[in-house]
Amino acid sequence: MSKIILNDDEIPRYWYNIIPDLPKPLPKPKEPEDGSSRMKFLERVMIKECLKQEFSEERWIKIPSELLELYLHVGRPRPLYRARRLENKLGLTKVKIYYKREDLSPPGSHKLNTALAQAYYALEEGKEKLVTETGAGQWGTALAYAARLLGLKCEVFWVRNVYEWKKQRRILMKLYGAEVHPSPSNLTKIGKEYLEMNPNHPGSLSLAIAEGLEVAAREEKSAYALGSVLNHVLLHQTIIGLEAIEQFKKIDSFPNLVISCLGGGSNFGGIALPFVREKLVNKKEIEFLAVQSEAAPNLVKGKYEYDFADVAGQTPLLKMYTLGHKTEFKEIKGDGLRYHAAAPIISLLRDEGIIKATYYPLDEKEVFEAAKIFLETEGWLVAAESAYAVRGCIDEAIKAERKNEEKIILMNISGHGFLDLDAYKEKLGID
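Just so it is clear, the model here is predicted, and its values are computed rather than measured.

The rules behind each value
- Residues numbered from 1 in each chain as written.
- Predicted model: local features only at pLDDT ≥ 70, side-chain atom pairs only at ≥ 80, totals over all residues.
- Heavy atoms only, no water.
- Helix = DSSP H or I, 4+ residues; strand = E, 2+ residues; numbered from the N terminus.
- Rg over C-alpha atoms; globule rule 2.2 N^0.38 Å.
- Buried < 20%, exposed > 50% of the residue type's maximum accessible area, 1.4 Å probe, protein only.
- Contact = heavy atoms within 4.5 Å.
- Areas by Shrake-Rupley, 256 points an atom, 1.4 Å probe, with all protein chains shown as cover.
- Phe/Tyr/Trp six-rings, centres within 6.5 Å; stacked < 30°, edge-to-face > 60°.
- Axes fitted to C-alpha atoms, helices over the stretch in contact; angles between N-to-C directions.
- Parallel < 35°, antiparallel > 145°, perpendicular 65-115°, else oblique.
- Left-handed = near helix turned anticlockwise from the far one by under 90°.
- Nonpolar A, V, L, I, M, F, W, Y, C, P; charged D, E, K, R; others polar.
- Expected span 1.5 Å × (residues − 1).
- Core = buried A, V, L, I, M, F, W, Y, C linked by side-chain atoms within 4.5 Å.
- Pairing = 2+ DSSP bridges.

(A) The overall build of the protein, seen in detail. The helix and strand inventory of the protein stands at 18 helices and 15 strands. A compact globule built from 431 residues should have a C-alpha radius of gyration of about 22 Å, and the protein, at 20 Å, falls within 12% of that. Counting only C-alpha atoms and orienting by the principal axes, one finds that the protein spans roughly 60 × 50 × 40 Å. For the protein, with 431 residues in total, the buried portion stands at 65%. For the protein, restricting intrachain contacts to residue pairs at least 6 apart in sequence, the fraction spanning at least 24 positions comes to 77%. Surface exposure of the protein reaches about 16700 Å², of which carbon and sulfur atoms provide 48%.

Right, dumping it as structure tokens:
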């Protein structure tokens, strides 16, 4: 079977919260030694139900029926595919490859799973606008769509260098009704500080987060929505892995290697965490590989320590693998992977040796070549970030085949690449 689908009535009705099943307690956020309370700041700017979920010890958290209807409306459950043509191209006989299609959402990525949830809860709390950051643009697009669907306004601070080259995605966000600013901007105190230092500053995700938090804090009817890193974001994304588990049951099979790209950790957590439960609770033999860029290999070269999530230090300190919240990163086309730290949950699992990580060079040639192979065989054009997952998957499959190992690989295609064509043109030298 090349395509495994779930019926509407088979959609997961609960998100999976891994916190009760972690091998050791998740380190709690800390207040810095000086300044005002960062926890009280988050309580003021973030969605209350999301903060409640952030610290929940419940293993299964019910998805509201109204939200389930929205998930069905946007095409969940999503299909699982067997990559037979890719397997044939690689000459695989021992290795099977499956991939989950998160690029099939209306805005084109997995980000909609938490965007809809956060917009739904914000509306329930009487909020009128959502403020956020975005790196590659997938999250900003997803939140703009979710806000429009639920009748909310949306304001997006977008990492400047990506804002400037992804003009078509900017148009899409504005079609959804979002107000979009390049970050750093002259609309915030922190943005002005960075522009004064460098009028052509390319921006960073942690800087865009800082700007979004600053704006949300001064507007009573606004709430800040984060696209990755925090526990509640990963929680909402577990619908991906939960669907995949049910799909593998339909073919009486199960993966022993789960692969996805990782910047902050939302799509990796979404596909991997339900399978991590299978490993920790049900003792199944499964490996996990996070694929990163040399631009920000936080799980490979970062230190496991407390750090801020934003450049201005407005958030509490979180225990993460981090490269430092003020680090300046080189520009890449897979900008969604250009973040200084990995999610606390992912970081703990990495520290415990449950998750492994690797990274690919700054020039991105290898990853875009892999994406081209995937396009030629499976027919789907993937996002620049997803190209990293494809590269990692191909390399792991070839490695296992050479060792004569039987392996079933699952990878997550986190987004489509129709608005990344300029990146393909540049990296593959297409006229």
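(B) Representation of the packing of aromatic side chains. The tally for this structure, following the rule as stated, stands at twelve aromatic pairs. A ring pair is formed by tyrosine 98 and phenylalanine 248, whose centres lie 5.1 Å apart and whose planes are at 70 degrees; its orientation type is edge-to-face. Pair noted here: tyrosine 98 is in strand S5 (residues 95-101) and phenylalanine 248 is in helix H12 (residues 239-250), with a separation of 150 residues, a long-range link. Residues tyrosine 98 and phenylalanine 248 agree in their burial class; the two are buried.

(C) Up close: the packing of helix H13 (residues 266-280) against helix H15 (residues 344-351). Interhelical geometry of H13 versus H15 gives an angle of 50 degrees and a closest axis separation of 11 Å. On the basis of the axis angle, H13 is oblique to H15. Two packed elements cross with a definite hand, and for H13 against H15 that hand is left-handed. Residues Phe268, Gly269, Leu273 and Val276 of H13 pack against Ile345, Ile346 and Leu349 of H15. A per-class count over the contact of H13 with H15 returns six nonpolar, one polar and no charged.

(D) Representation of helix H17 (residues 384-402) within the structure. Compared with the 27 Å implied by 1.5 Å per residue over 19 residues, the 28 Å span of H17 between its first and last C-alpha is a close match. Counted residue by residue, H17 has 15 buried out of 19 residues, so it is predominantly covered. Immediately downstream of H17, the backbone of asparagine 404 shows phi near 60 degrees, a positive value.

(E) Quick look at unusual backbone geometry. The omega angle of the peptide bond from arginine 76 to proline 77 is -5 degrees, so this bond is cis rather than trans. Mapping proline 77 onto the fold places it in the loop between helix H3 (65-73) and strand S4 (80-82). With an omega of 10 degrees, the peptide bond between serine 183 and proline 184 qualifies as cis. The topology assignment puts proline 184 in the loop between strand S8 (179-183) and helix H9 (189-197). Here the phi dihedral of lysine 283 falls at roughly 60 degrees; this positive angle occurs in a residue that is not glycine. Within the secondary structure, lysine 283 is located in the loop between H13 and strand S11 (287-293). Even without being a glycine, glutamate 364 presents a positive backbone phi close to 65 degrees. Mapped onto the elements, glutamate 364 comes out in the loop between strand S14 (356-360) and helix H16 (365-378). Judged by relative accessible area, glutamate 364 falls into the buried class, the value being 1%.

(F) Seen up close, the nonpolar core. Within the largest apolar cluster, 144 residues are counted, with the highest numbers of intra-cluster contacts made by Trp15, Tyr71, Leu130, Phe275 and Phe288. With sequence-adjacent residues up to four places away left out, phenylalanine 288 is seen in contact with Leu257, Val258, Phe268, Ala272, Phe275, Val276, Lys279, Ile354, Ile355 and Lys356. With five residues, the next largest nonpolar core counts Ile190, Tyr194, Leu207 and Ala210 among its residues.

(G) Just the sheet that holds strand S15 (residues 407-413), in detail. The seven strands lie next to each other as S1-S4-S5-S15-S10-S11-S14, forming an open sheet whose pairing is mixed. Two strands bound the open sheet, and with one partner strand each, they are strand S1 (3-4) and S14. Of the strand pairs in this sheet, strand S10 (residues 257-261) and S15 are connected by three bridges, and their pairing is parallel. Across the sheet, residue leucine 257 finds its bridge partner in S15, namely isoleucine 409.

(H) The arrangement of the packing of helix H5 (residues 112-124) against helix H6 (residues 138-149) in detail. For the pair H5 and H6, the least separation of the axes is 8 Å and the interaxial angle reads 40 degrees. Classified by the interaxial angle, the pair formed by H5 and H6 is oblique. The two elements H5 and H6 cross, and the hand of that crossing is right-handed. Contact residues: Leu112, Thr114, Ala115, Leu116, Gln118 and Ala119 in H5; Trp139, Ala142, Leu143, Tyr145, Ala146, Ala147 and Leu149 in H6. Tallied by class, residues from the contact of H5 with H6 come to eleven nonpolar, two polar and no charged.

The values reported here are purely geometric and, on their own, carry no functional implication.
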